Amino acid sequence: DWNNPTTFDGIITLTSLADADLVAGKVGKQCYNFDGTNDYASIPDNANQAGMSALTIEAVVWLDVLNASQAIFTNVTNNYLSIIVTNVAINTIIVTTSGTETLGYTYTFPTGQWVYLVYTWDNLSPSKLYINGAFVQNGDDLGNGTVSDSAGGLRIGERAATGDIPWDGKIDGV
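Cut-offs applied
Residues numbered from 1 in each chain as written. Predicted model: local features only at pLDDT ≥ 70, side-chain atom pairs only at ≥ 80, totals over all residues. Heavy atoms only, no water. Phe/Tyr/Trp six-rings, centres within 6.5 Å; stacked < 30°, edge-to-face > 60°. Buried < 20%, exposed > 50% of the residue type's maximum accessible area, 1.4 Å probe, protein only. Lys NZ or Arg CZ within 6 Å of the ring centre and 35° of its normal. 1 Å grid on protein atoms, 1.4 Å probe; cavity = no way out; pocket = protein on both sides within 12 Å on 5 of 7 lines; lining within 4 Å. Points joined across faces, edges and corners; volume = space filled by probe spheres on them. Helix = DSSP H or I, 4+ residues; strand = E, 2+ residues; numbered from the N terminus. Nonpolar A, V, L, I, M, F, W, Y, C, P; charged D, E, K, R; others polar. Core = buried A, V, L, I, M, F, W, Y, C linked by side-chain atoms within 4.5 Å. Contact = heavy atoms within 4.5 Å. Pairing = 2+ DSSP bridges.

## Some remarks on the packing of aromatic side chains
Item 1. Taken as a whole, this structure holds 6 aromatic pairs when the rule is applied.
Item 2. When the centroid spacing of 6.4 Å and the interplanar angle of 55° are considered together, the rings of Tyr 32 and Phe 34 count as tilted. Accessibility classification places Tyr 32 together with Phe 34 in one group, the buried group.
Item 3. Consider the rings of Tyr 130 and Phe 135, whose centres lie 5.7 Å apart with planes at 70°: the pair is edge-to-face.
Item 4. Of the residues examined, Tyr 130 reaches a relative accessible area of 25% and is grouped as partly exposed.
Item 5. Three or more aromatic residues joined by ring pairs form one cluster here, namely Tyr 105, Tyr 107, Phe 109 and Trp 167.
Item 6. Directly above the ring of Tyr 40 sits Arg 155, whose terminal nitrogen or CZ lies 3.9 Å from the centroid.
Item 7. Here Lys 170 stacks its cationic end above the ring of Trp 62, 4.5 Å away from the centre of that ring.

## Digging into empty space enclosed by the protein
Rolled over the atoms, a probe as big as a water molecule pinpoints where empty space is left.
Item 1. Following the criterion strictly, the structure yields 1 cavity of 30 Å³ or more and no others.
Item 2. Taken as a whole, the largest cavity spans an internal volume of roughly 30 Å³.
Item 3. In terms of lining residues, the largest cavity is bounded by Ile 57, Glu 58, Ala 59, Ile 72, Ile 83 and Leu 117.
Item 4. Among the elements that take part in the lining of the largest cavity, strand β7 (residues 54–63) stands out by supplying 3 residues, more than any other.
Item 5. In the lining of the largest cavity, the residues fall into 5 nonpolar, no polar and 1 charged.

## A word on the nonpolar core
Most often, soluble globular proteins keep nonpolar side chains buried together rather than apart.
Item 1. Of all hydrophobic cores here, the largest spans 32 residues; its most connected members are Val 61, Ile 72, Ile 90, Phe 109, Leu 117 and Trp 167.
Item 2. The dominant element in this core, judged by the number of residues it contributes, is β7, at 5 residues.
Item 3. Leaving out residues up to four positions away in the same chain, Val 61 has contacts with Ile 72, Phe 109, Gln 113, Trp 114, Val 115, Leu 117, Trp 167, Lys 170 and Ile 171.

## Comments concerning the pairing of strand β6 (residues 40–43)
Item 1. Burial of β6 is two-sided: the residues Tyr 40 and Ser 42 facing one way and the residues Ala 41 and Ile 43 facing the other way are all buried.
Item 2. Judged from the 3 bridges that link them, β6 and strand β15 (residues 154–156) form a sheet pairing that is antiparallel. When the sheet's bridge partners are listed, Ile 43 is paired in β15 with Leu 154.

Put into structure tokens, the structure is as follows:
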């Protein structure tokens, strides 16, 4: 629900928020502003997060400062699913029952402007990354099963497994 910053897809509800502030959003009425230090949003483990044969993650993001690595979206346990921005690339990973699908795209992420990211994966073809509506990269096509059960929730704005690489900016419409 683009207008309710605590509900995602009408199914999953945000259960904890560490310090991120609500500010005017690009897509919805509000979005979360992460300070690049210790802010994140958590979504609890949900049976719908495992066994999927396809998924799409989209986010409208604003980066204040480009650091070495910053997490947009990660899984709590072992980074079974993640979208990480570095100072020179966007990297994704999804662990499936048949292997690990990775995608790396060389990209200098802009600061001070909204960027629309879409990551898609299904078990019949390589994952795909789109930036601002344009296709930019395929994954390596090594994860063709179903999404592995990570036994953990999801985190927005920080790498959940280790509590590091926090996002410094806004994240809207995840």
